[in-house]
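Here's the letter readout for the chains.
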Amino acid sequence: MCLGIPGRIIKIDDAGRKLATVDVSGVRRQINIACIVDAEHPVESCVGDWVLVHVGFAMSRIDEHEAAETLKILTELGEAQAEIEAMRRSAVH
Amino acid sequence: MKFADEFRDRDKAITLVREIEKLCGQIETTRHRPLNIMEVCGGHTHSIFRYGLEGMLPPAIELVHGPGCPVCVLPMGRVDDCVAIAEQPGVIFTTFGDAMRVPGSRKSLMQAKADGADVRMVYSPMDALALARKNPDREVVFFGLGFETTMPSTALTVLQAEADGIENFSVFCNHITIVPTIKAILDSPDLHLDGFLGPGHVSMVIGTAPYEFIANFYRRPMVVAGFEPLDVLQSIWMILKQISEGRAEIENQYTRIVPEAGNDPALAAVAQVYELREFFEWRGLGSIDHSGVRVRDEYARFDAERKFAIPNIKIADPKSCQCGEVLKGVLKPWQCKVFGTLCTPETPLGALMVSPEGACAAYYQYGGVKRQAPAETATAAP
Ligand code: SF4
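Please read all numbers here as calculations on a predicted model, not as lab measurements.

About the thresholds
- The residue count restarts for each chain, going from 1 along the sequence in the order it is written.
- Numbering of ligands from 1 and lettering of chains from A proceed in the order in which they are written.
- Totals for whole chains, interfaces and linings use every residue, but because this is a predicted model, local features are given only for residues with pLDDT of at least 70 and side-chain atom pairs only at 80 or more, for both listing and counting.
- Remark: hydrogens and water are excluded; side-chain values derive from all non-hydrogen atoms of the structure.
- The numbering of helices and of strands both runs from the N terminus, where a helix is a DSSP run of H or I of at least 4 residues and a strand a run of E of at least 2.
- For every residue, the accessible area (1.4 Å probe, protein chains only) is compared with the maximum for its type, and the residue is labelled buried under 20%, exposed over 50%, or partly exposed between those bounds.
- The contact criterion used throughout is that any non-hydrogen atoms of two residues lie within 4.5 Å.
- Per-residue and other accessible areas follow the Shrake-Rupley method at a 1.4 Å probe size, with only the shown protein chains counted as cover for residues.
- A residue counts as positive if it is Lys or Arg and as negative if it is Asp or Glu; His and the chain ends are not included.
- In this description, the location of a charge corresponds to atom NZ of lysine, CZ of arginine, CG of aspartate or CD of glutamate.
- When a carboxyl oxygen of Asp or Glu lies within 4 Å of a side-chain nitrogen of Lys or Arg, that pair is called a salt bridge.
- Here the rule is simple: two strands pair whenever DSSP picks up at least two bridges between them.
- Interaxial angles span 0 to 180 degrees and are taken between N-to-C directions of axes, which are lines fitted to C-alpha atoms, for helices over the stretch in contact.
- The definition of a nonpolar core used throughout is a set of buried Ala, Val, Leu, Ile, Met, Phe, Trp, Tyr and Cys residues joined through side-chain atoms within 4.5 Å.
- What gets called buried area is simply the loss in accessible area from a 1.4 Å probe that two parts show on being joined, summed for both.
- Whenever a nitrogen or oxygen atom comes within 3.5 Å of another N or O atom, the pair is scored as a polar contact, on the condition that within protein one atom can donate a hydrogen and the other can accept it, and that pairs from neighbouring residues in sequence are kept only if both atoms are in side chains.
- Each residue gets one label: Ala, Val, Leu, Ile, Met, Phe, Trp, Tyr, Cys and Pro are nonpolar, Asp, Glu, Lys and Arg are charged, and the others, such as Gly, are polar.
- Note on handedness: a crossover is taken as right-handed if, strands pointing away from the viewer, the path from the first strand over the helix to the second is clockwise.

Draft legend 1. Examining the overall build of chain A more closely. Scanning chain A from N- to C-terminus turns up two helices and five strands. For chain A, the N- to C-terminal ordering of α and β elements is β-β-β-β-β-α-α. Along the first, second and third principal axes, the C-alpha atoms of chain A reach 35 × 30 × 20 Å. For chain A, buried positions account for 56% of its 93 residues. In chain A, once contacts between residues fewer than 6 apart in sequence are set aside, the share between residues at least 24 apart is 50%. Looking at chain A as shown, the accessible area adds up to about 3900 Å², and 51% of this sits on carbon and sulfur atoms. Taken as two groups, the 10 positive and 15 negative side-chain charges of chain A have centres that lie 7 Å from each other.

Draft legend 2. The arrangement of the pattern of salt bridges in detail. For the structure shown, the criterion picks out 37 salt bridges over all chains. With its nearest N and O atoms 2.8 Å apart, the salt bridge here joins Asp 13 of chain A to Lys 11 of chain A. Classification of Asp 13 of chain A as partly exposed rests on a relative accessible area of 29%. Two residues, Asp 303 of chain B and Arg 306 of chain B, come together in a salt bridge whose shortest N-O distance is 2.9 Å.

Draft legend 3. Geometry of the sheet that holds strand β4 (residues 119-121) of chain B. Residue and element names in this part refer to chain B. In spatial order, the strands read β4-β3-β5-β6; together these four strands make up an open sheet with parallel pairing. Looking at strand neighbours, the two that pair on one side only are β4 and β6 (169-175), the edges of this open sheet. Across the sheet, the axes of successive neighbouring strands diverge by a mean angle of 25 degrees, strand direction being ignored. Where strand β5 (residues 139-146) and β6 come together, seven bridges link them in parallel fashion. Of the residues in β6, the one forming a bridge with Leu 145 is Asn 174. Against the sheet, helix α6 (residues 125-134) contacts β3 (91-95), β4, β5 and β6, and its axis sits at roughly 175 degrees relative to β5.

Draft legend 4. The arrangement of the nonpolar core in detail. Of all hydrophobic cores here, the largest spans 165 residues; its most connected members are Ile 33 of chain A together with Phe 93, Phe 169, Tyr 211, Ile 236, Leu 240 and Tyr 274 of chain B. It is helix α11 (residues 229-244) of chain B that contributes the most residues to this core, seven residues altogether. Apart from the residues within four sequence positions on either side, Tyr 274 of chain B is in contact with Met 151, Thr 154, Ala 155, Val 171, Cys 173, His 175, Val 293, Arg 294, Val 295 and Arg 296 of chain B.

Draft legend 5. Focus on the interface of chain A and chain B. Across the contact, 36 residues belong to chain A and 40 residues belong to chain B. Counting each side, the surface lost to burial between chain A and chain B is near 3400 Å², with a carbon and sulfur contribution of 61%. Inspection of the region where chain A meets chain B yields three salt bridges. Here chain A and chain B share twelve residue pairs in polar contact (both at pLDDT 80 or more) between them. Of all the secondary structure elements, the ones that give two or more residues to the side of chain A that touches chain B are β3 (27-32), β4 (50-54), β5 (57-62), α1 (64-77) and α2 (79-92) of chain A. Considering every element that reaches the side of chain A that touches chain B, the biggest residue donor is α1 of chain A, with eight residues. For the side of chain A that touches chain B, a count of residues per class yields 19 nonpolar, eight polar and nine charged.

Draft legend 6. Examining the pairing of β6 of chain B more closely. Residue and element names in this part refer to chain B. By the criterion of burial, β6 is predominantly enclosed, with seven of the seven residues buried. Taking every second residue as pointing to the same face, both faces of β6 are buried, with Phe 169, Val 171, Cys 173 and His 175 on one and Ser 170, Phe 172 and Asn 174 on the other. Since β5 and β6 lie parallel, the crossover through helix α7 (residues 151-163) that links them has a hand, and here it is right-handed.

What follows is the structure, encoded as structure tokens:
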């Protein structure tokens, strides 16, 4: 929950509410992107961004290389599996 | 020096450890006692144990595992409050999975669920809000837990509930804040710390400025660190470099994630919804001034503390637990009387055994059970 997990924004669901769909290792779910948008980086420009997702909120934009490295270490720590599993379960209901 | 087999960039790590050894040799203090460096964040604790980083460092460095695992510092009384809310008729109590097994004085949330309370694990506070939308005749409560890393998520969810006019959703706010906690640790007479590994993801939200007092008033270095093994080693090297040069500054090793100024939209949402409490109770550490936040009056209708009658009783930690000493780094986990016997990850007595980010669970999981006293380690070294 504290370490977050990297994912890629694949579409904007609701620009007003700043909601987008993210892909995290093949699991897709809706996240809130309010913390990574500002005047210079409006909602529409977020598609394709790699982000660090904490409990359903994109908290930081990262580059693709960083995303891959982070995923690797999270997998070794066992945190990635737990996080993805929690996401998968929550995506269902 | 032992390296975990899957250690990446082995050569870089070896070079860093050599540089760290060299710096230790130049620091006067290490002739009398080891340097105590505290990692504040549970993510670092997990990483340090997983990769056996302690074993790679020279004996002149002692890593002290700090209180930065929000699940681990949750007092029993608050768990009891969760259970009391969850057991009220009509309530759906939602929580991150991490908190399910934390023992309360009567039961954990997991046991409350087994006894019939509607407790549901969710991945995100957004999922709790979605449940509230779907179940207009029920009261959905989300257990808000964590440091500044997760605080924006519950604040933004409350703002969303307000915008959407959802009335059957509330947050049981147990968010805690890191800076007063570090101050309390620095003021604690039984601890002497020489430097800090700063929390990476908390800092991503709050930036580095709030730590300046550590350098300015306490004259201790802090390096905000990433949680990959090389990040941790490099940050330790940066701390030693400061000590050897007589500097005490706040430095940022994790610039790829942590902006100096923090995250504006996140901080704005937090400031809008939450205010500091006068004090907050921590497991093992007691009451720490201004270390928690509560929901502001303007958002009272989203505050579970006001919506429900909660017992709010302070429960002393069990006598056999020495979580407080371990949290402050005064005792190593294996020095606790019940470590690995009465207290294991399957049957946790203390919360430090519940989450892999707790020092006791990390020691237990990664073979630390067999760890010997430092003196024996020293004689075993070639
Ligand atoms: S072994 Fe258990 S009781 Fe002892 S400090 Fe660790 S978590 Fe607390």
